[in-house]
Every structure is written in C-alpha cells, then in structure tokens.
Amino acid sequence: MMEYDNMMDSDFKEDFGPKIQVSAADRYHVDFELSNVDISLANSLRRVMHAEVPTIAIDLVEIEVNTSVLADEFISHRLGLIPLNSSEIDNLSYSRDCDCEQNCERCSVTLTLHAKCTGDEVMKVYARDLVVGFNRPNSEIGNPVITDPDGLGSLICKLRKGQELKLSCIAKKGIAKEHAKWSPTSAIGFEYDPHNKLHHLDLWYEQDAEAEWPKSKYADVEEPPAEGQPFDYDAVPSRFYFEVEGIGNIQSDAIILEGVKELQRKLAGLIHGLGESEGMNGEYDGPRSPDGMDTGAGYLEQGYSTPYGNPGAASAWGGGATAYGTTPYGNSGSNGWS
Amino acid sequence: MPGRTKTRDDAPEEVDTSMDDAPTSAQQPAEEENGDAMQEDEEEGEEDPFEEEEEPQRVRILPGSSETAASFEFLKEGHTLGNALRYIIMKNPDVEFCAYAIPHPSEDKMNLRIQTYDTTTAAAALAKGLQDLEDLCDVVADEFWTQREKFEATPEQVRKRQEEAERRQAAQAS
C-alpha cells in the first residue's frame, strides 16, 4: 500500500505522470499530444468526448403552419441538427431529472420560428431566424451557432411565394450517445505509434508497405525503428495524438475538460453508490468460504454447514436431491456431461 | 449432449427435469446467493420516497464471489469506464488480477473481475481503483489546462488569431 502511494505522489507524478503538449488551438480545434498514460485512459477520454459530453439541441418541434415543400418531420430533423450554444450547460438540468411536468426553463430552451414568403424571390430561412425564448439560465445558451461571415447560420428551408413556416421548438440537454445531434465534436482524431512499431496495424501492401503508405503527420515526432531492429514484445503505446474538432456549441478546449469531468462524474456516481451500500450492509454480506462456490443454501443454514456445502445432503455437488443428480440421461451422480 | 440416446418418453416421469429446475450454470441465481443484501437496499429506497429518487443499485457482486476474488456487475457502463478502471486497478500492487468484459452487446452491462492478494479485499480494490482513476483524471485536466494556457501565450498563436480575426472582418465588410 505504502509503496503504491509513494509511487503515485512523488516519482510517479514527476517522471511518469500524464503529460500534455498542445500543438494547435483555436475556437474549433485543439490538437494535443497526451503522453505517459495508458492507452485505456486515452481511449476512455476519446470515447467520453465523443459520446457523453452534454450539449443542448432541439428535441421537440411543434409545427403550427407548414406550407413549404418539405415534410414536417423533415424540417424537425433539420432543426434538431442545428448546433446551439451550450455554454454553462451545467446550469441546465436534464428534462428527465427535472421536477417539472414536461419541460420548464430550468431544463429547456424554447425557440420559435415564423417565416412567410411574400415576395417573388425564393426566401431562405436560416438558423439566425430562430427566436430564442427568454428565461434562460444565461444569455448565451440555446443561441444557434453562427459561424459564416454573413451571420446566417444553417439553412433550414426555402420558401416560395405564399409559403409559410410557423413552429416552436423545445431544446433539451442531452448526450450524443442518445442522438448524434448532441455531439460537441464533428470529429476526434486519435492516433498513436506512427511508425507502427507495435504492429497494432497490419498494413496491406503490394511490394513494400513502407513505401506505399503515406507517413503520418506525427511520424517525424517519434523515432523511426532502426534497420533490422527486433520486435519489442513488451512495448506499449504511450504517446497519443488527439485532434479535437468542435462545432461551436462548446469551446474546443472546454470539450476536453468537460470530457474529463464527465468521466469523473461517472466515477463519483459509482463511488457514491458503493459508499452507500457499504454503510448499510457492508457491501458484501459477511465472511464466506474462500472458494465461495458453495450453494446459497449452504451459508443460509449457519451453524451446521461447512463452507464446502454439507456433503451428501442437499448441495449441488453432492448429488441426490438436486436437479443435477437426477438427469434423465441415466448418468446420475456425475456432472451431467457424459 | 453427445451421449444422449434415450428419447424424452423413455425417462420416468418423476425424474424428468424441466429447464426451470436446473440452474443454467454451477452458480446460483443472484437472488438466492446474496440477493438479500441488495434487496434490503431497494426496500430502503421504497420506504422513503422523498429521500432522493430511487437510484437503482448500479453495482452488484455476482454470485460465487469471495472476499478476495469477486466479480462485479455494473449497469449502464461500457468500455469507456471498464477499460480504464481495469487498468488502474491492475496498477494496484495488492491486486493479483483484474479484467473486464461486456458479456453481451445488447445488454447495458459491464462485468469486472478482481482478484486480490490477502493484503486487501476485492471491494476495497474497486473503491481504491475508482478513487485513483478520479485522481488521475484530475491530473490530466490540470495538465491540459496549464498547457492550453501556456500555448495561448506564444506570440505565434497570437499572430494567428489576429490574422484570423482580420480575415473575418474583411469578409464581413465586403
């Protein structure tokens, strides 16, 4: 125990602790190298950023008027995919956890849209035309993400003269595991071992894999294998190259922090759950035989039975009255596999 | 059953077993083995409905577990937690063996097997693993944030940002 703690505290942290090197960062991208961690942790981080960082997206659409050429559900789907600003999403609760009946300002943001084409030209309805309701946790959340220089946002639909679109949407908090519209990222690049030293990849080739496959952009960061170097069976990957690409609903660097936070939230939930059961029943009910393979009945009738399941009588192994002992196959007493 | 030659009719009526009689494996169903403990929990939750929404027990010990060798079943967890947890628990020198599995892809369950030396228990190793992983996450988050801040400060990045802003302004003006 002590050794382990020491290792964690001093040497471990300084020499082998996780290291990060950021190589590019802007509003939509963060490229970084995570090193000195196990592949399992790096992959957990990738997975959690991909699927479990909460954002907000339109989830319910009530269409009042739709005389456009597009079907109601088609427009609803398009609305769902519009990225909405998800800053300080922690202040918004999941609708399913909220105390309200269906949805309220603590668990949702309302957006409305009303457009009618009156001119002769085709009217384009954009995300900027969505009107965000008031009573939001903050003034940013729920705003459609607009990145183009004209400030239009995503195109929702086109209307010809006389066509009208009137609807209201309820945007809710969610995660991409449920629907990809809640994804904070459009892509996460994840790679390691650019020279394939570990042989995790089996590269297809005609004559020479080395010549035919393009080099990774990280190839010159790592030492290429020396000529004729034998394969190292003990080698494990330790440098991981991430390229996180956000879509603007969450700042790119916040995606990573939120990802770690989400992972921790998972752990905290489990620690909490375990702690609770520990207090009530000691987590694991009482001492038992080391092999633990005795039947349930064995430990219930305490005071008499041995840990190995009272021989002869009613144990699963002893034959006799159990289902095992009386197979229809005539090999009673043995284990049933003849 | 390769050795099976008799038909069902040949077997005497009273000896015949139905699927329900025979356990599917050597292990007893969980309810019998250590179900009491878990059930107690649930009843507790039902008794006072005001004290937090009954969060169903998300971890349970599978039957056939002992003090130092236990299998845990996690509900609603997957590779994201399983693999990282397996790694961190295996790092614990008191742990002899740790592995995880997702027994079936369409069941939202993850099994974790822990076998420890006599110096600790499987449950303690799990608790320690969870805590260690949380600490490790803290370190990663801190490290990321310091590096991100540092990166921002390089003049190259400042210049890049400025250029981008100017480009955007120019595009907006035209």
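What this report covers is the structure whose coordinates are included nearby. The shown structure was predicted, so the numbers you read here are calculated from the model rather than taken from an experiment. (Residues numbered from 1 in each chain as written. Chains lettered and ligands numbered in written order. Predicted model: local features only at pLDDT ≥ 70, side-chain atom pairs only at ≥ 80, totals over all residues. Heavy atoms only, no water.)

**With respect to the nonpolar core**
Note the threshold: Among the buried residues, those of types Ala, Val, Leu, Ile, Met, Phe, Trp, Tyr and Cys that are joined through side-chain atoms within 4.5 Å form a nonpolar core. Each residue gets one of three labels from its accessible area relative to the maximum for its type: buried under 20%, exposed over 50%, partly exposed in between, using a 1.4 Å probe on protein chains only. Helix and strand definitions follow DSSP, with helices as H or I runs of at least four residues and strands as E runs of at least two, each counted in order from the N terminus.
Ranked by internal contacts, the top residues of the largest apolar core, which has 53 residues, are Phe32 of chain A together with Phe72, Leu85, Ile114 and Leu126 of chain B. Counting residues per element, this core draws most heavily on helix α4 (residues 122-152) of chain B, at 12 residues.

**Here we look at the packing of aromatic side chains**
Here is the rule: We call Phe, Tyr and Trp rings a pair once their centres come within 6.5 Å, taking the six-membered ring for Trp, and we label the pair stacked below 30 degrees between planes, edge-to-face above 60, and tilted otherwise. Charge over a ring is defined by NZ of Lys or CZ of Arg lying within 6 Å of the ring centre and within 35 degrees of the ring normal.
In this structure the tally under the stated criterion is eight aromatic pairs over all chains. Both rings, one in Phe190 of chain A and one in Tyr192 of chain A, keep their centres 6.2 Å apart while their planes meet at 65°; by these two values the pair is edge-to-face. The structure contains a cluster of three or more aromatic residues connected by ring pairs, namely Phe32, Phe190, Tyr192, Phe240 and Phe242 of chain A together with Phe144 of chain B. Here the guanidinium or amino end of Arg96 of chain A rests over the ring plane of Tyr94 of chain A, the centre of that ring lying 4.4 Å away. A cation sits over an aromatic face here: Lys173 of chain A above Tyr94 of chain A, 4.6 Å from the ring centre.

**Some words on the pattern of salt bridges**
Residues and elements named next belong to chain A. Selection rule: Whenever Lys or Arg places a side-chain nitrogen within 4 Å of a carboxyl oxygen from Asp or Glu, that contact is recorded as a salt bridge.
Enumeration according to the criterion identifies 19 salt bridges over all chains in this entry. Of the charged contacts in the structure, one is a salt bridge between Lys177 and Glu52, with a shortest N-O distance of 3.9 Å. Taken together, the positions of Lys177 in the loop between β8 (164-174) and β9 (185-192) and Glu52 in the loop between α3 (39-51) and β3 (55-66) put the pair 125 residues apart, joining distant regions of the chain. Across the pair Arg128 and Asp129 runs a salt bridge whose closest N-O atoms are separated by 3.4 Å.

**Some points on the packing of helix α3 (residues 79-91) of chain B against α4 of chain B**
Residues and elements named next belong to chain B. The line we're drawing: As a rule, the C-alpha atoms of each element are fitted with a line to give its axis, helices using only the stretch in contact, and angles between N-to-C directions run from 0 to 180 degrees. Oblique is the label for every angle not falling under 35 degrees (roughly parallel), over 145 degrees (roughly antiparallel), or within 65 to 115 degrees (roughly perpendicular). Here a residue-residue contact requires only that any non-hydrogen atoms of the pair lie within 4.5 Å. Amino acids outside the nonpolar list (Ala, Val, Leu, Ile, Met, Phe, Trp, Tyr, Cys, Pro) and the charged list (Asp, Glu, Lys, Arg) are all regarded as polar, and Gly is one of them.
At a minimum axis separation of 9 Å, α3 and α4 run at an interaxial angle of 110°. Regarding the angle of α3 to α4, the classification is roughly perpendicular. Residue-level inspection shows Ala84, Leu85, Ile88 and Ile89 of α3 in contact with α4, the latter providing Ala125, Leu126, Gly129, Leu130, Asp132, Leu133 and Leu136. Class assignment for the residues of the contact of α3 with α4 results in nine nonpolar, one polar and one charged.

**Observations regarding the environment of Val109 of chain A**
Summarising the element assignment, Val109 of chain A is placed in strand β4 (residues 108-116). Residues Val109 of chain A and Pro137 of chain A, spaced 28 residues apart in sequence, show a C-alpha to C-alpha distance of 9.0 Å.

**Concerning the sheet that holds strand β6 (residues 131-132) of chain A**
Residue and element names in this part refer to chain A. Note the following rule: In this description, strands pair whenever DSSP reports at least two bridges between them.
Within the open sheet, the four strands sit side by side as β3-β8-β4-β6. Their pairing is antiparallel. Both edges of this open sheet fall to β3 and β6, since each of them pairs with a single strand only. In the packing of helix α4 (residues 72-80) onto the sheet, the strands contacted are β3 and β8, and the crossing angle to β3 comes to about 150°.

**What about the packing of α3 of chain A against α3 of chain B?**
Note the cut-off: In this scheme, a crossing is called left-handed if the near helix is turned counterclockwise away from the far one by less than a right angle; it is called right-handed if the turn is clockwise.
Where α3 of chain A contacts α3 of chain B, the two axes come as close as 8 Å, and the packing angle between them is 160°. Here α3 of chain A lies roughly antiparallel to α3 of chain B, going by the angle between them. As for the relative orientation of α3 of chain A and α3 of chain B, their crossing is left-handed in sense. In this structure, α3 of chain A contributes Ser40, Leu41, Ser44, Arg47 and Val48 of chain A to the contact, and α3 of chain B contributes His79, Thr80, Asn83, Ala84 and Tyr87 of chain B.

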